[in-house]
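# Descriptive analysis of the structure
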Amino acid sequence: MISRIKLSLLKGFLRRPVYLVLGVTSRCNSRCKHCFFHKQLNSTVRELSFDEIEGLSRQLGALLEIDLSGGEPFMRDDLADIYKVFVKNNKVETFAIPTNGILTDQVYAQTLKILQYGGAKHVTVSLSLDGPRDIHDETRGVKCYDQVFRTYEALAPLKNKYKRFSLRAGTTITDMNYRSIPALHDELARSMPGLDFHDFEIVRGDIPDRRFALPPLDALKQLRPVIFGIWDQYNDHPGGVQSKVASRARQTLFNGYIRILETQKQLWPCLAGRVHCVVDYKGDVFCCELLPKIGNIREDKFADVWRSARACRTRAAIRAKDCFCTNSCFHTISLLFDQAYWARFLL
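Residues numbered from 1 in each chain as written. Predicted model: local features only at pLDDT ≥ 70, side-chain atom pairs only at ≥ 80, totals over all residues. Heavy atoms only, no water.

### Quick look at the pairing of strand β1 (residues 19-23)
With five of its five residues buried, β1 lies for the most part within the structure. Across the two faces of β1 the burial is the same, with Y19, V21 and G23 and L20 and L22 all buried. With five bridges joining them, β1 and strand β2 (residues 65-69) adopt parallel strand pairing. Across the sheet, residue Y19 finds its bridge partner in β2, namely E65. Taken together, β1, helix α2 (residues 50-59) and β2 constitute a β-α-β crossover, and its handedness is right-handed. In this sheet, strand β7 (residues 276-279) lies alongside β1 in parallel orientation, the contact comprising four bridges. Its bridge partner being in β7, Y19 is matched across the sheet by H276. (Buried < 20%, exposed > 50% of the residue type's maximum accessible area, 1.4 Å probe, protein only. Helix = DSSP H or I, 4+ residues; strand = E, 2+ residues; numbered from the N terminus. Pairing = 2+ DSSP bridges. Right-handed = clockwise from strand over helix to strand, strands pointing away.)

### Considerations on the packing of aromatic side chains
Evaluated as defined, the whole model comprises eleven aromatic pairs. Ring centres 6.3 Å apart and planes at 85° place the aromatic pair Y83 and Y117 in the edge-to-face group. Of this pair, Y83 sits in helix α3 (residues 79-90) while Y117 is found in helix α4 (residues 104-117), placing the two residues 34 residues apart along the sequence. Here Y83 falls in the buried class, since its relative accessible area comes to 0%. When its relative accessible area of 40% is taken as the criterion, Y117 is described as partly exposed. Taking the centre distance of 5.7 Å and the plane angle of 25° together, the rings of F228 and W231 count as stacked. Of this pair, F228 and W231 both sit in helix α9 (residues 217-232), three residues apart, which is roughly one turn of that helix. Feature note: the residues F197, F200, F228, W231, Y234 and F254 constitute an aromatic cluster, connected by ring pairs. Cation over ring: R250 sits above F197, and NZ or CZ is 3.9 Å from the ring centre. Positioned above the aromatic ring of W306, the side-chain terminus of R315 is 5.1 Å from the ring centre. (Phe/Tyr/Trp six-rings, centres within 6.5 Å; stacked < 30°, edge-to-face > 60°. Lys NZ or Arg CZ within 6 Å of the ring centre and 35° of its normal.)

Below is the structure:
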């Protein structure tokens, strides 16, 4: 918490990002109909090797958080080794891995290796669940609902031994599933009692099936108290100021997303390209994954890409509020790094 406050005050002077979204593979064993990355899945382009990822790590400074992405991250069998590199070279504090939960044995084995190694203060695995069985399997394009629960059952006992391990569920809200979220929550309460939290994302980007597009704004507004009520039943920051800040921040974010969708404008300053960075499976670098790339680490050193004219133009456009989105990976920290909002979170 203290390091985040310090960096929020120094954000204008950072020479490198402190939050990294790292795409480790384009390989995926599901065919999600709400995936904004669908055109690049299972690409024939060679994904970053372990040595290339290690080389990237050496070029970065200390990192508060790494969020892995894909494809399905656990399709890489060297995930624990990648984690060790970022612990050694970058002192990463939080390491977060989303998964569709299909590869139960692989997810368990790699997660156990990561936890046994030590290092990061927080390790999070988030199981993707998009609704009750029929809706989830239709959304994912493969029948995998029951497998997600088997993966939960494999991972849950690790929470007793490793207190820094957090196990979450993640749901992307679409026009297909928003009505079924209460039913999904009831099922998770029964079958996944050890969950630390249930995250909700609003679908974004270019998706392959318009049935899974954004729900009507009125539906999101009606869903808002349902989601807030679900969040109130979890407490991933037990007690004290941090718990209150986290709760208020989430509610502010969700309310803000609705307002962003209504106005089609940035609601608060976005720190993409300053605090945040994205590197995808083939080494392309982005200020934000929804914006054009600014370079490639296979072609240039990371520092040269980060300081390039293209990167500066992208940052200037973001500062000028030429874009808007509901990407929580970026908005959460942008909001928490904005001192203007701190008083709202504490009152």
